[in-house]
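Given next are the chains, with one letter for each unit.
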Amino acid sequence: VHPLLKRQLRKARIDGPSASPDLAGFLRAVDEVYVAADDDRQQFDRSIRLASDELFDRTRQLEADLEARTRLQAELLEATHRATDLAGTAAAANNAKSAFLANMSHEIRTPMNGVLGMAGLLLETALDPTQRDYAQTIKDSGDALLTIINDILDFSKIEAGKFCLEQADFDLRSAVEDVARLLAIQAHAKGLEITVQIDPQLPPCVVGDAGRFRQILLNLGGNAIKFTLHGEVAIDLRVADVTTQHIGVRCEVRDTGIGIPAKRIDSLFCPFTQVDVSTTRRFGGTGLGLSIVRRLTELMGGETGVTSEPGRGSTFWFTLNFAPSVEPYKTLPVPALKLKARRILLVDDNATNLKVLEGQLALLGLSTQSASSASQALTHLASAAMTKRPFDVALIDHQMPDCDGVSLSRIVIANPLFNATRLILLTSSGQLNDTKALADIGFAGYLPKPVTLRDLRNCLSLALGHNDTPHGDSSMPLITIATPTPARLGRRVLLAEDNPVNQKVAKRILELFGCTVAVAVDGEAAVRAWKDARYDMIFMDCQMPVMDGYEATRTIRSLEDGSHRIPIVALTADAVKGTEEICLAAGMDAYLTKPIVKADIELVLARYLVDPREERLQARSNASRIHRADSIPAES
Amino acid sequence: MRIHQRIRRDGVWQSRGLGTGDSSQLVLAFSSVRILAEPDTWHELRALYPAARIVACSTAGEIDNTNVYDDSLACTGISFEHSHVSIASVRLSEAQDSEALGALLLSRLSMDGLVHVFVLSDGLKVNGSALLKGLTRMLPPGIRVTGGLSGDGDGFKRTSVCLDQATPVDQVVAIGFYGSRLRVGFGCQGGWDPFGVERTITRSEGNVLFELDGQPALDLYKRYLGDKAADLPASGLRFPLAIRDSNFTAATPLVRTILAVNDDARTMTFAGDIPTGFRARLMSANLERLLDGAREAAKSSCMTLGSDNPELAILVSCVGRKLVLKQRVEEEVEAVREALGTAAVMAGFYSYGELSPSSTLETSELHNQTMTVTTFLEH
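Residues numbered from 1 in each chain as written. Chains lettered and ligands numbered in written order. Predicted model: local features only at pLDDT ≥ 70, side-chain atom pairs only at ≥ 80, totals over all residues. Heavy atoms only, no water.

Visitor: I keep staring at the sheet that holds strand S12 (residues 445–448) of chain A and nothing clicks. Help me out?
Guide: The strands making up a sheet are joined through hydrogen bonds of the backbone, oriented either antiparallel or parallel. Residues and elements named next belong to chain A. Spatially, the five strands line up as an open sheet ordered S9-S8-S10-S11-S12, and their pairing is parallel. Each edge of the sheet is formed by a strand with only one pairing partner; in this case those strands are strand S9 (367–371) and S12. Here the average twist between neighbouring strands, direction ignored, is 20°. Note that strand S10 (residues 393–397) and strand S11 (residues 422–427) share five bridges and pair parallel. Note on S11: the bridge partner recorded for Ile 396 is Leu 425. (Pairing = 2+ DSSP bridges. Helix = DSSP H or I, 4+ residues; strand = E, 2+ residues; numbered from the N terminus. Axes fitted to C-alpha atoms, helices over the stretch in contact; angles between N-to-C directions.)

This is how it looks when you write it as structure tokens:
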């Protein structure tokens, strides 16, 4: 019985145990209610206590969680700040590095310009064999150093994502030919043949980065030559697909060199790898070349690859996409009339070379006959002499089996029957630079292989211009690719350049091409000189005291009356992004990066100094313009 | 509709209503497991209602008008003027699981003219949530299911549902109501309030709860019950679980009540599903809130019926309410009477689970700890 009910019964004097059944039942019900009420209250109190404890714990837990989260947030914030700071520092460091690289490039190139330029000039002078060897070594070492510097700079720029591609019209065919000619110097020095095949379908003009294209091809070609001891290096450019939107080309460089083991091929295009350490020692190089090639082709929307058979040779290939040129084709000068109908004898044991030469000469309007050996050449010469239609010129390859070009020439010169024919030797460059010896033998001139159309035309113009002179007259200067042509001869060039060494180098090179050079030491002097006298062209250094090249150019452009626009070519030591834009914005027509090399100067002169006679011709033959006179099918 | 009620307490019959009820079409009989198992009970019932289908179920308390009795035999005989009933039953052994059971049961009912389904189910072996899932899936739109799970006092040992005879097998019976002039209303309310922290159901299988917040759920109940833990599972009815999905998609939480515990596995079995990932809070109740709930259930039922004057109301309330209310349990039945008015005949029982939609917008669900009121009106 509940204590409360017990007390209540006692106070009411009711005796529970003896109560009637009805009362007992009632009392039981009351007792149950009391007990239940106590139970409920206890249960309720217990629930409240437990729930409160749990809520308290839960609150503490949430507070702890919140605190942890706040701490984490603070740490995150701090980490973010740190990361931002680091990123800022890294960006600053990177900018500093880029600036340093640009600076270094400038600083190194300036003295290199002097070293290479003067070494080049030195080689043009009379030297005894030892001195020539030393000077050549200086030049080669300098060139190698410049290549390494350029590689490192390019690689850094590509890595930093600061590499910008030029988008300008250029003649892909000429670019390949130019590269091949440069490569030929090395190739011929090793006794290697170098051949070029260009797809006749190739459009004359494409939009892209000519410099980078040359770099890729030069790199692969240079490698091919480096790793080939015997045989040949073949460059083959094909048009993969052409749409109105793009021109896809595939270029292969095949060699007969040492080849690459299959397991090395994958890492070949990675930076700082060469086939193996012993290869590095044997062949040298930075190991950056192929990775630069790969990255450049990728930047230009193409791919790179290689197939190779150790001991048999390798084929490196790359594909590139160019945009078609929207400009109408630039008309190249048509050949001088005097070349027409002249007869040329070609002597070369290499059938491909014969075909190339035949095609080039056909474009120049010359008729040819080919001989694949010395004896066949003599037969042709003899029958031509008999029919009173002697060859005007014989182009004779130097290297031939049985009887080489020099021996053949000696026979020809010795025979008075053939003295109407002037002889031009096709040499592998670097092999035979003894111009005096060649002149003594009686050659009218020589051309380094592979022969470009431009060189061929210039050389033949000069050779045929003197056709009243019999061969063997060593008093006549020997014709080389450096021989001033009527187009360049006597042209007046203004050179604005403050650095005396650079002045000397550029002036000498220009003079080699037959130009008359006036020098201005700063921009102001250049503008003054331009006002005082008539010039055909200006070479303008960009960084000069008093007034820089940009300012000088702007001044000249503002003063020009519009009837005659003088070509201005920038000379800059900065091989960095944006230079070209600045040059063009200032009104310059082209720019050359120092150190200045002969080939570049030659290209610029050829482009901007047109023979006045050819200009007139061109005007007359407007109705039947010959586009791209030097677009010669490699095989035809 | 003519309704006759009679109740047998301590061997004495008392009756209420016109006539003797011997022409009843349907008799609902609520009693204890023990009484329903006696053959004499059925001889008596058959003699009293010669023409009727008799549906009986065991309870945790019989409702007769506003009285609540234990161990009585409470009978309500109904004869419709314009309507009729059809009754289907399925034995538990006939189906693979509770959901299949529900589907099978429905398939045995004619859909032609069906107005309402009232279900009386085994109270311990059937998962009420699954049963309703199976039942309602193929149900024509607008047709509702109400009813309850049979009970066994506060014993939780054995329940029984009978159709026309003492049945030794476990089964579920569905009464289909037919007729265009019959209207049925329903209402369902609890009155329990969640308290304390909300926990996550971290482990459960069907209607078996293993863990809340990674702790054994039974431990939590024992901690809250203290000394009363010895009276599990009945004492567990003091703390139903309010469960809701963690996205708050349902407007009101579902209430789940405990059916059994397993001390070895430290698990608890509830009358409906306890899905993993749902949130749960303990609930408690007081007298006033429970009475409010009963009143609201009756009002909702009149509202869905579309009349304030139902002829018959069948009440299914939860055993948990009865255990909490104890001697005051009749006050909730009186609250229902207040809301229904004096004309309605009231019958019903205390169950182990209530079946009803919680609102007009929802399908039927299993509820616990609620008062559900199904009202009928023939016009």
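Visitor: Whenever I open this one, unusual backbone geometry confuses me. Can you help?
Guide: Backbone geometry follows two general trends: most residues other than glycine have a negative phi, and most peptide bonds adopt the trans configuration. Here the residue pair Leu 232 of chain B and Pro 233 of chain B is connected by a cis peptide bond, since its omega of 5° sits within 30 degrees of zero. Secondary-structure assignment places Pro 233 of chain B in the loop between helix H5 (217–225) and strand S17 (241–244). The backbone of Val 546 of chain A shows a phi angle near 65°, a positive value even though the residue is not glycine. In this structure, Val 546 of chain A sits in the loop between strand S15 (537–541) and helix H16 (549–559). Within the chain, Asp 213 of chain B stands out as a residue other than glycine whose phi angle is a positive 50°. For Asp 213 of chain B, the location among the structural elements is in the loop between strand S15 (208–212) and strand S16 (215–216).

Visitor: Honestly, the pairing of strand S2 (residues 193–198) of chain A in this entry has me stumped. Any pointers?
Guide: Looking down a regular strand, the side chains alternate between one sheet face and the other. Residue and element names in this part refer to chain A. With six of its six residues buried, S2 lies for the most part within the structure. Of the two faces of S2, the one holding Glu 193, Thr 195 and Gln 197 and the one holding Ile 194, Val 196 and Ile 198 are both buried throughout. Here S2 runs beside strand S4 (residues 232–242); their pairing, made up of six bridges, is parallel. Following the sheet pairing, Thr 195 is matched in S4 by Ala 234. (Buried < 20%, exposed > 50% of the residue type's maximum accessible area, 1.4 Å probe, protein only.)

Visitor: What am I meant to see in the sheet that holds strand S23 (residues 345–351) of chain B here?
Guide: All names here are of chain B. Pairing in this open sheet of six strands is mixed, and the strands run S6-S5-S23-S22-S26-S13 from one edge to the other. Both outer strands of the open sheet, strand S6 (67–69) and strand S13 (182–189), are each paired with one neighbouring strand and no more. Taking each pair of neighbouring strands and ignoring which way they run, the sheet shows an average axis angle of 15°. Taken together, the seven bridges between strand S22 (residues 312–318) and S23 define a ladder with parallel strand orientation. Opposite Val 316, over in S23, you have Phe 349 as the bridge partner.

Visitor: Before we go on, may I ask you to explain the interface of chain B and chain A in this structure?
Guide: Accessible area lost when the parts come together is the quantity often used to give the size of an interface. Contacts between chain B and chain A engage 17 residues on the former and 14 residues on the latter. For the pair chain B and chain A, the summed buried area comes to about 1300 Å², and 47% of that belongs to carbon and sulfur atoms. Area buried by chain B at its contact with chain A is led by Val 197, Tyr 224 and Gln 327 of chain B, which between them contribute 42% of it. Across the contact surface, chain B and chain A share six salt bridges. Arg 58 of chain A serves as the salt-bridge partner of Asp 213 of chain B, at 3.2 Å between the closest nitrogen and oxygen. Among the elements of the structure, strand S14 (193–205) and H5 of chain B are those that each provide at least two residues to the side of chain B that touches chain A. (Contact = heavy atoms within 4.5 Å. Buried area = accessible area lost by both parts, 1.4 Å probe. Salt bridge = Lys/Arg side-chain N within 4 Å of Asp/Glu carboxyl O.)

Visitor: Looking at this structure, I do not really get the pairing of strand S10 (residues 144–149) of chain B. What am I missing?
Guide: Residue and element names in this part refer to chain B. With six of six residues buried, S10 is to be regarded as a mostly interior element. Alternating positions in S10 separate into two faces, Arg 144, Thr 146 and Gly 148 on one and Val 145, Gly 147 and Leu 149 on the other, with burial throughout. As defined by bridge partners, strand S9 (residues 114–121) adjoins S10 across six bridges and the pair is classed as parallel. Among the inter-strand pairings, Val 119 is bridged to a residue of S10, identified as Gly 147. By the bridge criterion, three bridges tie S10 to strand S24 (residues 353–357) in an arrangement that is antiparallel. Of the residues in S24, the one forming a bridge with Gly 147 is Leu 355.

Visitor: Explain the nonpolar core here, please?
Guide: In globular proteins that are soluble, nonpolar side chains generally tend to be buried together. Counting residues in each nonpolar core, the largest one holds 83 residues, and the members touching the most others are Val 117, Val 119, Leu 315, Val 336, Leu 340 and Val 373 of chain B. Element by element, the count of residues in this core is highest for helix H6 (residues 287–305) of chain B, at seven residues. In contact with Val 117 of chain B, other than residues within four places in its own chain, are Leu 109, Leu 139, Ile 143, Arg 144, Val 145, Thr 146, Ala 174 and Ile 175 of chain B. If you look at the next biggest cluster of nonpolar residues, it comprises 47 residues, including Phe 163, Leu 183, Val 196 and Leu 217 of chain A. (Core = buried A, V, L, I, M, F, W, Y, C linked by side-chain atoms within 4.5 Å.)

Visitor: Is there a simple way to think about the pattern of salt bridges in this case?
Guide: Two side chains carrying opposite charge are able to pair once their charged atoms lie near each other. Applying the stated criterion to the full structure yields 41 salt bridges over all chains. When the shortest N-O distance is used, the salt bridge between Glu 54 of chain A and Arg 199 of chain B registers 2.4 Å. Linking Glu 54 of chain A in helix H2 (residues 21–124) with Arg 199 of chain B in strand S14, this pair reaches from one chain into another. Note on accessibility: Glu 54 of chain A and Arg 199 of chain B belong to one class, buried. For Arg 108 of chain B, the salt bridge goes to Glu 94 of chain B, with nearest N and O atoms at 2.5 Å. Residue Arg 108 of chain B is located in the loop between helix H3 (98–107) and S9, and its partner Glu 94 of chain B is located in the loop between strand S8 (84–91) and H3; the two are separated by 14 residues in the primary sequence. You can call Arg 108 of chain B partly exposed: its relative accessible area is 38%. For Glu 94 of chain B, a relative accessible area of 38% puts it in the partly exposed group. Each of Asp 236, Arg 238, Arg 250, Glu 252 and Arg 254 of chain A takes part in a single network of salt bridges with overlapping partners.

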